[in-house]
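So you can see what is in the structure, the chains are spelled out below.
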There are 2 protein chains.
Amino acid sequence: MAAEPVEAAASAAPAAPGTPGTPERPGTPGTVRPGGRTARVRAAVLRAAEDALVEHGFGGLDLADLAQRAEVGRTTVYRRWGSTTALVADLLTDMAEQSLPRSRSGSLAEDLRANARLVRRTLADPRQGALFRAVIVAANGDPGTAEALRHFYRRRVEEWAPCVTEAVERGELPPDTDPFEVIRAVSAPLYYRMLTTAEPLDEPAADRAAAAAEAAARAGAYRRQEP
Amino acid sequence: MAAEPVEAAASAAPAAPGTPGTPERPGTPGTVRPGGRTARVRAAVLRAAEDALVEHGFGGLDLADLAQRAEVGRTTVYRRWGSTTALVADLLTDMAEQSLPRSRSGSLAEDLRANARLVRRTLADPRQGALFRAVIVAANGDPGTAEALRHFYRRRVEEWAPCVTEAVERGELPPDTDPFEVIRAVSAPLYYRMLTTAEPLDEPAADRAAAAAEAAARAGAYRRQEP
DNA sequence: CCCCTAATGGGACTCCCGTTCCGTTAGGAT
DNA sequence: ATCCTAACGGAACGGGAGTCCCATTAGGGG
C-alpha cells in the first residue's frame, strides 16, 4: 500500500491515561515524524491485523500476537493504538483510501447488478468476508470505529451513485430519487444475510438484491419527498 | 487449552423457561434436575446478561460482574455457560420463545409498514437496540451463537410471513413469491443502517423500507424461479 | 555529516479473567 | 420425612493481557 501521509489515527488517538506532563505522546509540541520507520511499522501492523482478523475474528484479536506477526515491539502497538477497536478504526481509514474501479455500462439494471455481484463476491470470499465481518463487529463496539466505518461506506457509495444519477437524468427514475439510498438498498439485503440470517450468499441472491432495488427505485420508493 | 465438556446448554439447547441445564459430568448418568433453583439461577443470569449487554455491549461483557449482578456464584456461571458467546446463545433461545403479537390488517402495504415500524422502533429503542446490536455482534464471533440467532429470526419471520402469503392468494403478488424473502427485505435496510452506515433510524426510513419491499415484491423480484 | 529527539523495543511488574478444588445447599425420588 | 446427589458457592491458584520504565535506534533539520 502507498505510504500515505500522516496518522489517520486522529479519531482513534491513543488515550493518554498517564500523567499530564508526560512527553512522547502525539499532540506534544515538537516535530511529528510520519517518516519511513513509522510508516513501515504502521503498514506492517495493519497488514498483520488484517490477517489476524481473518483468522480469529475481532473477538480473538490479540495485540501481543499481532506485534509478533508484524515483527514489532508489543509496546509500540499498545502505545500507538492502545486498543483493538482503535486499531481497526485505523485499518478502516486505510481501507477507505483504496478505491475499487467500478464498471459503467450505461444501463441502470446492469450497473446495479454489477454492484450487487461485487458486494456479494466480497462478502462471500473467505478472506474478505471474514475481514468485513470483523470490522463491522468492531465498529459496533466503539464510536470511533463506527465513525471510521461510516466514512468507509460513504466513500464506496459515492463511487457508485453516479450510475443512479445518470439513470435519473435519462428519465428512467423519478427526478427526486436519492442515489445513495438506491445504492445502499442493493447492499442491505446482502449484509443482512451475512450478519444475521446466515443464508447462502450466492449469485442469485445478488441478482435479486439488484432487481429489487431497481424495481423499488422505479416505483419511487427512494424519492426524497413522499408523494 | 483443552475444552472439557463444560459446553453447556448453549450451542444447541432448545430450552423452555425453567429448562434443565445440561448434565455435565461425563460419568454421571444420574437424574437431571430442571428444578426450581436451577431455573431461578438461569433466569437471574439471563436477565443480568441483558442489562450488562445493554450497558457495556458484548465486548464489555464480564462473567464475573454478571455473577455479582445476578447474585450468583462466579463458578456457577463459568460452569453452566463457559463463555460469553455461549451465554448469549442461551439468551437468544430464551428470546426466541417470547413472541410478539403481530397486527393483521388485511392490507399488504399496511402489514409491511406495521412490521417495518415495529422493527424500527425496536432497533431505535436505546435498550432493545443496544441488546440486538450486542447479540448480533456475539453471533458473528461464534458458530453456536450464530445458529441461535438464525433460529430467533426464523421464528420472527415465520410470524409475519402469512400476510405475504395472503396477499399472494388475493392475487396482489406473483404466485411464486417467497414470503420469507419479502419479510426479510423489510428488515434488511433497517439492520443495515444500524450495523454499518449508522444513519438515523426514523419512521420515514421504516416506511421507505416497507414501500420498497412491497414494490419489489409486486415487480416479482422475490419470485422463487427466475423468469 | 552530525546532532537532537521522536519513536521503537525489551523486560519486569501488576492485575484480573478463567480454572480448579472442595465443602455446602437444596431438588426430588422413595 | 429421609436420603442421595445434582447443582451451587467460596476461596485460592495460574496464566496471560496490558502497563511502566528505561535503554536503543533512526528520521530529518541544520
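Cut-off values and rules
- Residues numbered from 1 in each chain as written.
- Chains lettered and ligands numbered in written order.
- Predicted model: local features only at pLDDT ≥ 70, side-chain atom pairs only at ≥ 80, totals over all residues.
- Heavy atoms only, no water.
- Helix = DSSP H or I, 4+ residues; strand = E, 2+ residues; numbered from the N terminus.
- Buried < 20%, exposed > 50% of the residue type's maximum accessible area, 1.4 Å probe, protein only.
- Contact = heavy atoms within 4.5 Å.
- Areas by Shrake-Rupley, 256 points an atom, 1.4 Å probe, with all protein chains shown as cover.
- Least-squares fit on C-alpha atoms with pLDDT ≥ 70 in both.
- Salt bridge = Lys/Arg side-chain N within 4 Å of Asp/Glu carboxyl O.
- Core = buried A, V, L, I, M, F, W, Y, C linked by side-chain atoms within 4.5 Å.
- UniProt positions renumbered as here; feature names shortened; annotations may be inferred.
- Domains from an automatic or database assignment.
- Buried area = accessible area lost by both parts, 1.4 Å probe.
- Expected span 1.5 Å × (residues − 1).

All right, on to the overall build of chain A then. When its secondary structure is counted, chain A shows nine helices and zero strands. Scanning chain A from its N terminus toward the C terminus, one meets helices and strands in the order α-α-α-α-α-α-α-α-α. Each of the 227 residues in chain A was classed as buried or not, and the buried ones make up 46%. Nonlocal contacts in chain A, meaning residues at least 24 apart in sequence, comprise 67% of its contacts between residues at least 6 apart. Accessible area for chain A stands at about 11100 Å²; split by element, carbon and sulfur atoms hold 52% of it.

Moving on, we come to the relation of the copies chain A and chain B. Copies of the same chain, two in number, are related to each other by a rotation about an axis and a translation along it. The transform that puts chain A on chain B rotates by 180° and translates by 0.0 Å along the axis, for an RMSD of 0.0 Å. The operation mapping one copy onto its partner corresponds to a two-fold rotation axis. Interface residue correspondence from chain A to chain B reaches 100%, placing this contact among same-surface, isologous pairings.

Going through the model one piece at a time under the given rule, you end up with 34 salt bridges over all chains. Residue Arg184(B) is joined to Glu199(A) by a salt bridge in which the shortest nitrogen-to-oxygen separation is 2.9 Å. Of this pair, Arg184(B) sits in helix α8 (residues 179–197) while Glu199(A) sits in the loop between α8 (179–197) and α9 (203–218), on two different chains.

Now for the nonpolar core. Within the largest apolar cluster, 90 residues are counted, with the highest numbers of intra-cluster contacts made by Val45(A), Leu66(A), Tyr191(A), Val45(B), Leu66(B) and Tyr191(B). Leaving out residues up to four positions away in the same chain, Val45(B) has contacts with Leu66(B), Ala70(B), Val72(B), Val77(B), Trp81(B) and Leu87(B).

In this section: the UniProt feature "domain: HTH tetR-type" (unreviewed entry) in chain A. Mapped onto this numbering, the UniProt entry gives "domain: HTH tetR-type" (unreviewed entry) at residues 39–99 of chain A. As annotated, residues 39–99 of chain A comprises 77% helix and 0% strand, and the C-alpha atoms at either end are separated by 20 Å.

Turning to the domain arrangement of chain A, a few remarks are in order. All names here are of chain A. Considered domain by domain, chain A is made up of domain 1 (32–83) and domain 2 (99–218). Placing the centre of domain 1 and that of domain 2 at their C-alpha centroids yields a distance of 29 Å. Residue-level contacts link six residues of domain 1 with six residues of domain 2. Counting the surface lost from both domain 1 and domain 2, the interface buries some 600 Å², and carbon and sulfur atoms represent 72% of this. It is Leu 53, Val 54 and Phe 58 that lose the most area in domain 1 upon contact with domain 2, and together they represent 73% of the buried surface on that side. Taken together, the connections running from domain 1 to domain 2 amount to two salt bridges.

Bringing the environment of Ala139(A) into the picture now. Residue and element names in this part refer to chain A. Structurally, Ala 139 can be placed in helix α6 (residues 126–139). Counting along the chain gives 77 residues from Ala 139 to Asp 62, while the straight-line C-alpha distance between them is 17 Å. When residues no more than four places from it in sequence are discounted, the contact partners of Ala 139 are Thr 145, Ala 146 and Leu 149.

This part covers helix α1 (residues 36–56) of chain A. All names here are of chain A. Between the first and last C-alpha of α1 there are 30 Å, a value that for 21 residues agrees with the 30 Å anticipated at 1.5 Å per step. Those residues of α1 that sit buried are Val 41, Arg 42, Ala 43, Val 45, Leu 46, Ala 48, Ala 49, Glu 50, Ala 52 and Leu 53. In this structure, the buried side of α1 is in contact with α2 (63–70), α3 (74–80), α4 (84–97) and α6. One or two positions beyond α1, positive phi appears at Gly 57, with a value near 75°.

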